[in-house]
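# Results of the structural survey
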Amino acid sequence: MNKRMQAIVKYMEAGRGVVDVGTDHGYFPAWMASHGYKGNIIASDINAAPLQKAIDTAREAGVEDKIRFQLSDGLDGCPPDLVDTIVIAGMGGELICRILDRAEWCMNKRYKLILQPMTKSEVLRYWLVYNEFEISSEELVLEGDTIYQLIVARFGGLTKLTDAELFIGKKELCMDPELYGMQRKKYIKRFESAVAGMEESSSGKPAAALGLYREILTQLMELN
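Here is a short report on the structure shown in this document. (Residues numbered from 1 in each chain as written. Predicted model: local features only at pLDDT ≥ 70, side-chain atom pairs only at ≥ 80, totals over all residues. Heavy atoms only, no water.)

## Details of the overall build of the chain
The number of helices and strands found in the chain is eight helices and seven strands. Against the compact-globule benchmark of 17 Å for 224 residues, the chain has a radius of gyration of 19 Å, which places it among compact chains. Projected onto the principal axes, the alpha-carbon positions of the chain cover approximately 60 × 35 × 35 Å. When contacts within the chain are restricted to residue pairs at least 6 apart in sequence, long-range pairs at least 24 apart make up 66% of them. Of the roughly 11400 Å² of accessible surface on the chain, 50% is carried by carbon and sulfur atoms. (Helix = DSSP H or I, 4+ residues; strand = E, 2+ residues; numbered from the N terminus. Rg over C-alpha atoms; globule rule 2.2 N^0.38 Å. Contact = heavy atoms within 4.5 Å. Areas by Shrake-Rupley, 256 points an atom, 1.4 Å probe, with all protein chains shown as cover.)

Shown next as C-alpha cells:
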C-alpha cells in the first residue's frame, strides 16, 4: 500500500459503503475488504481492462465476493443508497469536477468525498467551494519528488479560500506543516517564473491576468 492509499484509508470510517471511482488495479477496495471493512465496497472503472485487473487483484486477495465491480463512467452507475463515501483518486482535477457535476446526488451531507487530484487542484477546490462543499481537512503526501494533495469534503458547508489557497489549500486544514511549506515554496517559484515571463513577453498578456498572478504571488509570500 503506497503512501497515497494510506492517506485515503486514514479518512475512512465504518459506514454504509464506499465507491472507488477509477479503481484501476483495485488495490484500495481489495485492501478495505481484506481489513475488515463491513460496508458495501464498489470498484468502478470506465474501461474493462483495468476493471478486470481489479477483479484479479481481489481474487488473489481472496475477497472477490466482498466487492461489487462496476463498469461505468464516473459515478453514473453507482447506486447512491449503497454508499456514504466517494473516493476519486489519481485523476486530474477537471475530470473529478466533471464526474461530481454529473452526480447531483452527491450534493448531500450524507456523503464524504475523499479526492486526490493529480493536476488542477485549484480547479477542484474552486468547484467544491462554488458548489457549497465544506473542505474539512487536507493531506499532503510526498512520494519521490512529488507532493500529492488529498482533499476531504462534504456538502452543506462553507470554506472561504483566497486565490492562493485554491492552489495549495488552507494551512490550518493541512496535517503536515512541513510539507505545506515545501508546497508553498514550489508555487512561489512557479508564479515568480510566470510573472517574470508575462512581464518580458513581447506579445504581452492582459493587464488583468498579470495583476491576478502578481496578487496570487503576494498571497503565497504572506502565507507563513
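## A short note on helix α3 (residues 48-61)
Counted at 1.5 Å a residue, the expected span for α3 with its 14 residues is 20 Å, and the 20 Å between its end C-alpha atoms agrees. When α3 is considered as a whole, its buried residues turn out to be Pro50, Leu51, Ala54, Ile55, Thr57 and Ala58. Angular distribution of buried residues about the axis of α3 spans 160°; they occupy a single face of the element. Of the residues in α3, the exposed ones pointing more than 90 degrees away from the buried face are Ala48, Ala49 and Glu60. Its buried side turned inward, α3 meets α2 (27-34), β2 (40-45) and β3 (68-71). (Expected span 1.5 Å × (residues − 1). Buried < 20%, exposed > 50% of the residue type's maximum accessible area, 1.4 Å probe, protein only. Arc of directions from axis to C-beta.)

## Some details on the nonpolar core
If you look at the biggest cluster of nonpolar residues, it comprises 26 residues, and the most contacted ones within it are Val19, Leu75, Ile86, Ile88, Leu100, Leu115 and Leu128. Of all the elements in the fold, those that place two or more residues in this core are β1 (17-21), β4 (85-92), α4 (93-102), β5 (112-119), α5 (121-130), β6 (133-143) and β7 (146-155). Top element by residues in this core is α4. It accounts for four residues. In contact with Val19, other than residues within four places in its own chain, are Ile42, Ser44, Leu75, Cys78, Val83, Thr85, Ile86 and Val87. Among the nonpolar cores identified, the runner-up in size contains 23 residues, and Phe28, Ala43, Tyr148 and Val152 belong to it. (Core = buried A, V, L, I, M, F, W, Y, C linked by side-chain atoms within 4.5 Å.)

## A closer look at the pairing of β7
With respect to burial, β7 is a largely interior element, seven of its 10 residues being buried. As paired elements, β5 and β7 share four bridges and run antiparallel to each other. Within the sheet, the bridge partner assigned to Leu115 lies in β7 and is Ile151. Relative to β7, β6 is paired through 10 bridges, and the arrangement is antiparallel. Residue pairing for β7: Glu138 is matched across the bridge by Ile151. The antiparallel pairing of β6 with β7 creates a hairpin that spans two residues between the two strands, and Gly144 there sits at a positive phi of about 65°. (Pairing = 2+ DSSP bridges.)

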